[in-house]
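Below are the chains, spelled out letter by letter.
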Amino acid sequence: MRPESREGGGPLRTGLTTGACATAGAVSAARRALGAPPTDSVPLTLPRGEAVTLPLHDRQAWDQGAEAGVIKDAGDDPDATHGARVWVRVVPVAAAGVAFHAGDGVGTVTRTGLPVPPGEPAINPVPRRMIADHLTAVAAELGHTGGFEVTVGVDGGERIAARTMNPRLGIEGGISILGTTGIVRPFSCSAYIASIHQAIDVARANGLEQVACCTGGTSEAAARARYGLDDMALIEMGDLFGAALKYLSKHPVTGVALVAGFGKLSKFARGHLDTHSRQCAIDMPGLAAEARGLGATEATADRIEAANTSLEALANAQEAGLSLADRVCARAWDQAERLLPAHTDLAVCAVDRQGEVAAQAAGVTGAWP
C-alpha cells in the first residue's frame, strides 16, 4: 500500500483491513470452486473505489467448494490482527444470495447494539457488502446463477480477541471482521475508535443510562468500585477522550463519568483530545502554574515543574497541602462539558497509580457519588 508521511522520519505504510483480506479470500475460493484456474493474487475494488491487489497465502479446492487464506498486513499500524491468516471457505449453492458463517477465530454476536444482530457472525456490514458484491461479479463472469455459503475464520482469532474489547461487547469466540474503507491508516486508531463507538452502542441498546469512559484497567477498577457500574457500562477509551465524548454527544446517555489517570487527565484538561505521548506531553509548567494559583510557594512550584512524572508532581502538591488533582478535575470537567449535550450528568475522576481516587469534579445533580 502507499506510504503516509511520518513527521520527522520516513514514510509509514498503510495496510488492509480484515474485511479486505476476507474479500480477497472469498473471491479466490469462489473462483476455484467454480472451476477457474488458481492465481497467486486477487484484485479488489475497495468501498471508495480504490483498486488494490492482495497476494494469497494458500488455497485448496475439493468437490463442493474451495478455501483460500490471506495474511493480514496492517502496514505500520499497531494492529492486533497484523500477521494473522484470514481464511475463507466458499461453497456455491443453488439459492441466490450470500450466507455468512463464523469459522474458527471469528466471533459470534450475542448482544444487541452492534452493527449485526445477535446470533450472526461478527462480520460487519461493509465487509459483508464488499464480499457479496465481489462474489456477484465472480458469479456473473463464470456463469453461476445461484449464491454462496461463505465461512470466514482467522487463525488464532480467539486468542487475538482476548486483547480487544470483543468479550465485553458480547462478541464470543473470536475477532470481528472490520473495515469501512478497506484501508488501515497508520496510527489512525480507526479500529479502536470503532470499538469505542460499539461499546457505547451496546450500553445504550441494553438500557444503560450511565457510562464511565476509562483510560485503562486501573481506572476501570476504580470506576467499578466507586460507581458500582455493570462492566457493559465501562467504556475503554484509552487516550481517545475526543472520540468517546464526540460520539456520546450524538448518541447521548443520562450520565457520563470520565475516569482517568492523573497524567492523562491533565493533558485533557489542557484541551488535548488524544492524550497519547506521540500527540502531546504532560505540561509540567502548566501544572506548576495551577499550583501557584492554589497558593504554592515558588519552591513547591519549582519542584512540581521539575518533576519527572505527573504523579511525582501530584505528590509534591499533596505534600504541600495543595488540591492540584481537584483543580485538574475541574479543568477537565469544563472541557468535557463543552463536548457533551446540555443536562448530561457529568463527573470527572482522577486516579493515582494505585487505583485510588485522588479527586473528583461533578455537577450539582448528585447523580455521581
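On a predicted model such as this, the values are computed, not experimentally measured, just so you know.

## What to know about the layout of surface pockets
As a volume, the second largest pocket reaches approximately 250 Å³. Along the wall of the second largest pocket there are 16 residues; nearest its centre are Gly261, Phe262, Gly263, Leu311 and Val351. Residues that form the lining of the second largest pocket fall into these classes: 4 nonpolar, 9 polar and 3 charged.

## A few points about the sheet that holds strand β18 (residues 255-261)
If you trace the 5 strands from one edge of the open sheet to the other, you get β17-β16-β18-β19-β20, paired in mixed fashion. If you trace the sheet from one side to the other, it starts and ends with β17 (234-236) and β20 (357-362), each paired once. Across the sheet, the mean angle from the axis of one strand to that of its neighbour is 20°, orientation sign disregarded. In the sheet, β18 pairs with strand β19 (residues 345-351) via 7 bridges, with the strands oriented parallel. Note that in β19 the partner of Leu258 across the bridge is Val348. Across the sheet, helix α5 (residues 190-205) lies against β16 (210-214) and β17, angled at about 170° from β17, the strand it touches most.

## Considerations on helix α1 (residues 18-33)
Over its 16 residues, α1 extends 22 Å from the first C-alpha to the last, a length consistent with the 22 Å expected when each residue adds 1.5 Å. Most of α1 sits inside the fold, with 13 of its 16 residues counted as buried. In the segment just after α1, Gly35 is the residue with positive phi, at about 95°.

## Some words on the nonpolar core
By size, the foremost hydrophobic cluster in this structure holds 58 residues, and its most contacted members are Ile196, Leu258, Phe262 and Leu265. The greatest single-element share of this core, amounting to 7 residues, is contributed by helix α12 (residues 324-339). Every residue in contact with Leu265, bar those within four places of it in the chain, is listed here: Phe241, Ala260, Val328, Cys329, Ala332, Val348, Cys349 and Ala350. With 39 residues, the next largest nonpolar core counts Ala24, Val86, Val152 and Ile177 among its residues.

The rules behind each value
- Residues numbered from 1 in each chain as written.
- Predicted model: local features only at pLDDT ≥ 70, side-chain atom pairs only at ≥ 80, totals over all residues.
- Heavy atoms only, no water.
- 1 Å grid on protein atoms, 1.4 Å probe; cavity = no way out; pocket = protein on both sides within 12 Å on 5 of 7 lines; lining within 4 Å.
- Points joined across faces, edges and corners; volume = space filled by probe spheres on them.
- Nonpolar A, V, L, I, M, F, W, Y, C, P; charged D, E, K, R; others polar.
- Pairing = 2+ DSSP bridges.
- Helix = DSSP H or I, 4+ residues; strand = E, 2+ residues; numbered from the N terminus.
- Axes fitted to C-alpha atoms, helices over the stretch in contact; angles between N-to-C directions.
- Contact = heavy atoms within 4.5 Å.
- Expected span 1.5 Å × (residues − 1).
- Buried < 20%, exposed > 50% of the residue type's maximum accessible area, 1.4 Å probe, protein only.
- Core = buried A, V, L, I, M, F, W, Y, C linked by side-chain atoms within 4.5 Å.

Keep in mind these values describe shape, not function.
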